[in-house]
Each structure stands twice: as structure tokens, then as C-alpha cells.
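# Structural features, examined
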Amino acid sequence: MSDKTGGGEQLGEKQPGVRTEQIPVIYLIRNPRDVFVSGYFFWRIATFVKRPESLEQYFEWFIQGNVPYESWFNHACGWMSMRGKENFLIRSYEEMKWDTRSTVEKICQFLGKKLEPEELNSVFRNSSFQVMKENNMSNISLLKDQFLEENGILLRKGITGDWKNYFMVAQAETFDKIFQEKITDRPQLFPWE
């Protein structure tokens, strides 16, 4: 089930401009526990991949990296290896949710763009989760029949910390152990607990 085309290392090898600072890259990272929960609900309604039969089965797939775009840990580490490069900006989903204004301003600065106040307000209005959930151009409803079950929705909740509603204690302990083993030198990047 693993698709190795999504990792930072593989993409960098296929797109040399990313590694040689010719192309600006914005990498949005998210708490892997929330990625797991979001992925579980998405892949259960997707019509183009093998679907997990249970949360427990998907948990095993996820921690082993047997999911599309490979292991979250490998994917994230591949991209995080580019930290410090002039053409690379890393932000987190959590930061974006907690302080959208600051995140947008940092992105604009990185891209060398100055937004007028009305443009900035338009970004805030049109990039809110609720607006994107209702927008046919961002909620996949125009292509729904091709990719999702009839009643499937792409944008489910858009919150942080939802993993707490789904993880069993043993799963959380397993996940924390794997996280500590694989992400040893980068904890300062992660704004989640």
C-alpha cells in the first residue's frame, strides 16, 4: 500500500530545483496523531485504495508506514532535513489554527509579498475551515463520485487534538515510543504535546 513518491527525499531527488534553492517550498506539518485519525476517516471513504477495516488495523498500517505517501516519520524527516535552506519554510497546522494572522504574515514574508489589509482579510475569510468545507472548489464535491463514497466528506472537522477521542492508552504509548525513536533531534519544531 505504501506509495514512496510523497517523501521529502524522493521529491527532492525528482525535482532538483527544490534542493538547489530555485523553488520556494512551504511545508505544513501536523501532529502525526491527528494525521492518523484524519487519514483513517479519509481512507475509509476513499474509493481508490484498500480501505482499513478498523481503526486498529489502520493504526498498524500507519505506524509501519503501509499507507499512501509512506511513513509520516520518514516523510516529515525528509522534508525537515531542508530546514535552514533559503527556499524552505516549515509551519505547523497547529500554529496556523492558533495564530492564523501570524502564519499568513510569515508566509507572505517568505514569498516576498505584501498584502494590503483588505487582501489579508480576504485570505482569513476564504481560508477558514468552514468556508473551505462549503466551497465546491476545495471540498472535492465536484469530483466526489470519482474519489469518495456517495456520502463521504473530505473536510471533516479541521480541529487539533481530535486524536484524544480515538487513541487507546496502549496505542498512545506505542505511538509516543516510535515518535521518540524516529524524531530524536527535532522536538523543538513541534507545538503539540
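Now for a quick tour of the structure. (Residues numbered from 1 in each chain as written. Predicted model: local features only at pLDDT ≥ 70, side-chain atom pairs only at ≥ 80, totals over all residues. Heavy atoms only, no water.)

### A few points about the packing of aromatic side chains
Counted according to the given criterion, the structure contains 21 aromatic pairs. For the pair Trp 163 and Phe 167, a centre-to-centre distance of 5.3 Å together with 80° between the ring planes defines the contact as edge-to-face. Overall, Trp 163 belongs to the buried group, its relative accessible area being 14%. With a centroid separation of 5.6 Å and an interplanar angle of 75°, the aromatic rings of Phe 167 and Phe 175 are classed as edge-to-face. Take Phe 167 and Phe 175: they sit in the same class, and that class is buried. Positioned above the aromatic ring of Trp 163, the side-chain terminus of Arg 33 is 5.2 Å from the ring centre. (Phe/Tyr/Trp six-rings, centres within 6.5 Å; stacked < 30°, edge-to-face > 60°. Buried < 20%, exposed > 50% of the residue type's maximum accessible area, 1.4 Å probe, protein only. Lys NZ or Arg CZ within 6 Å of the ring centre and 35° of its normal.)

### A few points about the packing of helix α7 (residues 100-111) against helix α8 (residues 117-126)
The geometry of α7 relative to α8 is characterised by a closest axis approach of 11 Å and an angle of 120° between their N-to-C directions. In this view, α7 runs oblique relative to α8, as classed from their interaxial angle. As for the relative orientation of α7 and α8, their crossing is right-handed in sense. The segment α7 lies against α8, with Thr 100, Arg 101, Val 104 and Glu 105 engaging Leu 120, Asn 121, Val 123 and Phe 124. (Axes fitted to C-alpha atoms, helices over the stretch in contact; angles between N-to-C directions. Helix = DSSP H or I, 4+ residues; strand = E, 2+ residues; numbered from the N terminus. Parallel < 35°, antiparallel > 145°, perpendicular 65-115°, else oblique. Left-handed = near helix turned anticlockwise from the far one by under 90°. Contact = heavy atoms within 4.5 Å.)

### Side note on the pattern of salt bridges
Evaluation of the coordinates by the stated rule reveals 3 salt bridges. Residues Asp 162 and Lys 157 are paired through a salt bridge, measuring 3.2 Å at the closest nitrogen-oxygen approach. Residue classification places Lys 157 among the partly exposed positions, given a relative accessible area of 36%. (Salt bridge = Lys/Arg side-chain N within 4 Å of Asp/Glu carboxyl O.)

### Some words on the environment of Thr 100
Here Thr 100 lies in helix α7. By relative accessible area, which is 30% here, Thr 100 ends up partly exposed. Between the alpha carbons of Thr 100 and Ser 128 there is a distance of 9.3 Å; along the sequence they are 28 residues apart. Each residue touching Thr 100, except ones within four places of it in the same chain, is listed here: Glu 95 and Phe 124.

### Some words on the nonpolar core
With 32 residues, the main nonpolar core has Phe 36, Tyr 58, Trp 72 and Phe 167 as its most contacted residues. For this core, the secondary-structure elements that each account for two or more residues are β1 (25-29), α3 (32-45), α4 (55-64), α5 (72-80), β2 (88-92) and α11 (169-182). Those residues in contact with Phe 167 that sit more than four places away from it in its chain are Arg 33, Phe 36, Val 37, Phe 59, Ala 172 and Phe 175. (Core = buried A, V, L, I, M, F, W, Y, C linked by side-chain atoms within 4.5 Å.)

### Observations regarding α4
Residues of α4 that are buried include every one of Leu 55, Tyr 58, Phe 59, Trp 61, Phe 62 and Ile 63, and no others. The inward-facing, buried residues of α4 abut α3, α5 and α11. Positive phi appears at Gly 65, one or two residues downstream of α4, with a value of about 80°.

### Notes on the pairing of β2
With 5 of its 5 residues buried, β2 lies for the most part within the structure. The alternating pattern of β2 places Phe 88, Ile 90 and Ser 92 and Leu 89 and Arg 91 on opposite faces, both of which are buried. As paired strands, β1 and β2 are joined by 5 bridges and run parallel to one another. Within the sheet, the bridge partner assigned to Leu 28 lies in β2 and is Arg 91. (Pairing = 2+ DSSP bridges.)

Everything listed here is a matter of geometry and, on its own, says nothing about what the molecule does.
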